[in-house]
2 protein chains.
Amino acid sequence: MSAEDVPIERRPDAAAGGPISHAIFRLARTHRMLAGQLLRQVGLHPGQELLMMRLWESGPQRQTDLADEFDTDSASMTRTVQRLERAGYVRRVPDPDDRRATRVEPTPASLVLRKQVERIWKDLERRTVGEMTPDEQREALRVVHQLEDNLTAHEPDPERSVSR
Amino acid sequence: MSAEDVPIERRPDAAAGGPISHAIFRLARTHRMLAGQLLRQVGLHPGQELLMMRLWESGPQRQTDLADEFDTDSASMTRTVQRLERAGYVRRVPDPDDRRATRVEPTPASLVLRKQVERIWKDLERRTVGEMTPDEQREALRVVHQLEDNLTAHEPDPERSVSR
DNA sequence: CAGATTAGCTGTCCTAGACAGGTAAATGGT
DNA sequence: ACCATTTACCTGTCTAGGACAGCTAATCTG
């Protein structure tokens with residue numbers, strides 16, 4: 001096996017400055033587009049299904065915790081939840097312990113969606129792993145996790161730190 | 001080394017349906033957000049710098065080719081180019097060979113930006129690879145490329161295939 | 001030449017992130 | 001108990017972007 005066997009850079013120059021970042025960008029793009037295509041079948045946009053999955057799996061959540069979880073701000077979360085509420089997939093119930101807060105929970109109607117989303121994700125995962133062996137899949141998972149860890153690691157920026 | 005050493009799923013249940021897809025989603029999110037943060041320093045949005053890099057590296061391009069390259073449609077590309085044009089980073093020149101087409105080229109002024117973008121990408125890449133050894137980096141690149149290949153492989157959908 | 005295709009632009013509708021305010025509820029110090 | 005601060009959530013605005021439809025002008029093909 002000579003080094004020529006595996007083209008290190010598929011896009012010879014475009015990735016020069018940061019090959020891995022570039023590859024992540026492209027992978028993310030492709031993956032997101034495919035997810036978007038599949039999800040449009042059930043009227044969801046990419047990202048919304050993650051929120052729903054979180055609710056299905058962990059039950060009612062406060063918006064703040066959701067915003068935290070998804071690294072977004074409360075404003076974006078408000079609107080995302082509103083859209084899902086309009087679609088009939090989530091419901092807000094006042095938090096009994098904190099009258100400022102509302103808890104977001106999946107509606108019974110969303111359980112139909114859940115089946116579809118699970119099918120879509122299975123399909124997405126199938127296409128993502130392709131012909132990879134289970135070992136290769138574990139390795140891929142490890143690598144992707146490590147990359148994420150790298151990014152979150154030395155970014156200890158809990159306060160967005162503004163002058164005020 | 002027992003199996004417990006490496007948590008296969010950091011988010012025990014949330015990734016159940018498609019661990020790798022889920023990991024890609026999270027990685028992409030984090031990566032994009034970091035890129036966005038860094039790029040905001042120079043007034044670019046994530047994605048725009050890829051377009052600029054393409055222009056810097058490969059010279060003037062027709063919009064259609066750019067839209068193709070970035071898997072978007074001509075409408076989105078039109079607006080993206082317009083924004084970059086307003087910002088003074090690109091210029092349109094009529095294609096001498098095809099009077100329907102315009103060629104997009106980087107402006108001399110954009111060369112300042114280029115230095116900054118290259119610095120940012122270097123920084124981004126540095127944070128992405130973290131403490132990985134060169135071997136690990138090559139492996140990561142291989143994995144990410146393979147995942148992308150998997151997704152593009154058996155998606156032979158050149159025509160978006162509508163009933164019309 | 002006529003019809004089809006291609007390149008590009010515009011407009012509309014939607015999602016989304018960032019940011020700047022606002023209200024109501026909860027909390028903590030005195 | 002009172003008041004200042006913080007927290008949870010909402011709203012509006014700006015910008016970027018994807019999808020889709022419709023349009024003009026130029027090019028290609030039979």
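Look a little higher up for the structure.
Right, let's walk through the structure included here. Since the model is a prediction, treat every value here as computed from it, not as a measurement.

## Let's talk about the sheet that holds strand E3 (residues 102–106) of chain B
Residues and elements named next belong to chain B.
Next up, step 1: Strand order across the open sheet formed by 3 strands is E1-E3-E2, with antiparallel pairing between neighbours. Each edge of the sheet is formed by a strand with only one pairing partner; in this case those strands are strand E1 (61–62) and strand E2 (90–94).
Next up, step 2: Running at roughly 115° to E2, helix H4 (residues 74–86) makes contact with E2 and E3 of the sheet.

## Things to note about the environment of Leu27 of chain B
Next up, step 1: Residue placement: Leu27 of chain B occurs in helix H1 (residues 19–40).
Next up, step 2: Accessibility expressed as a C-beta count within 10 Å gives 26 for Leu27 of chain B, which makes it buried.
Next up, step 3: Measuring from C-alpha to C-alpha, the distance between Leu27 of chain B and Ser74 of chain B comes to 28 Å, with 47 residues separating the pair along the chain.
Next up, step 4: Apart from residues lying up to four places away in sequence, Leu27 of chain B is in contact with Ile24, Val144, Leu147 and Glu148 of chain A.

## Some remarks on the protein's contact with DNA strand C
Next up, step 1: Lining the immediate environment of DNA strand C, one finds 23 residues, of which Ala75 and Arg99 of chain A together with Thr64, Ala75 and Ala101 of chain B sit closest.
Next up, step 2: Within the residue set of the surface near DNA strand C, elements represented by two or more residues are helix H4 (74–86) of chain A together with H1, helix H3 (63–69) and H4 of chain B.
Next up, step 3: If you tally residues by element for the surface near DNA strand C, the top one is H4 of chain A, at 4 residues.

## Here's the deal with the pairing of E3 of chain B
All names here are of chain B.
Next up, step 1: Sheet topology places E1 next to E3; 2 bridges connect them, and they run antiparallel. Residue pairing in the sheet places Gln61 in a bridge with Val104 of E3.
Next up, step 2: Direction of pairing for E2 relative to E3: antiparallel, over a ladder of 5 bridges. Paired with Val90 across the bridge in E3 is Pro106.

## A few points about the interface of chain B and chain A
Next up, step 1: Taken together, the contact pairs 49 residues of chain B with 49 residues of chain A.
Next up, step 2: When contributions to the side of chain B that touches chain A are tallied by element, the ones reaching two or more residues are H1, helix H2 (48–58), helix H5 (110–129) and helix H6 (134–153) of chain B.
Next up, step 3: Per-element accounting of the side of chain B that touches chain A gives the leading share, 15 residues, to H1 of chain B.
Next up, step 4: Grouping the constituent residues of the side of chain B that touches chain A by class yields 23 nonpolar, 11 polar and 15 charged.

About the criteria used
Residues numbered from 1 in each chain as written. Chains lettered and ligands numbered in written order. Predicted model: local features only at pLDDT ≥ 70, side-chain atom pairs only at ≥ 80, totals over all residues. Pairing = 2+ DSSP bridges. Helix = DSSP H or I, 4+ residues; strand = E, 2+ residues; numbered from the N terminus. Contact = placed C-beta atoms within 7 Å. Axes fitted to C-alpha atoms, helices over the stretch in contact; angles between N-to-C directions. Buried ≥ 20, exposed ≤ 12 C-beta atoms within 10 Å, placed from the backbone. Near = placed C-beta within 6 Å. Nonpolar A, V, L, I, M, F, W, Y, C, P; charged D, E, K, R; others polar.

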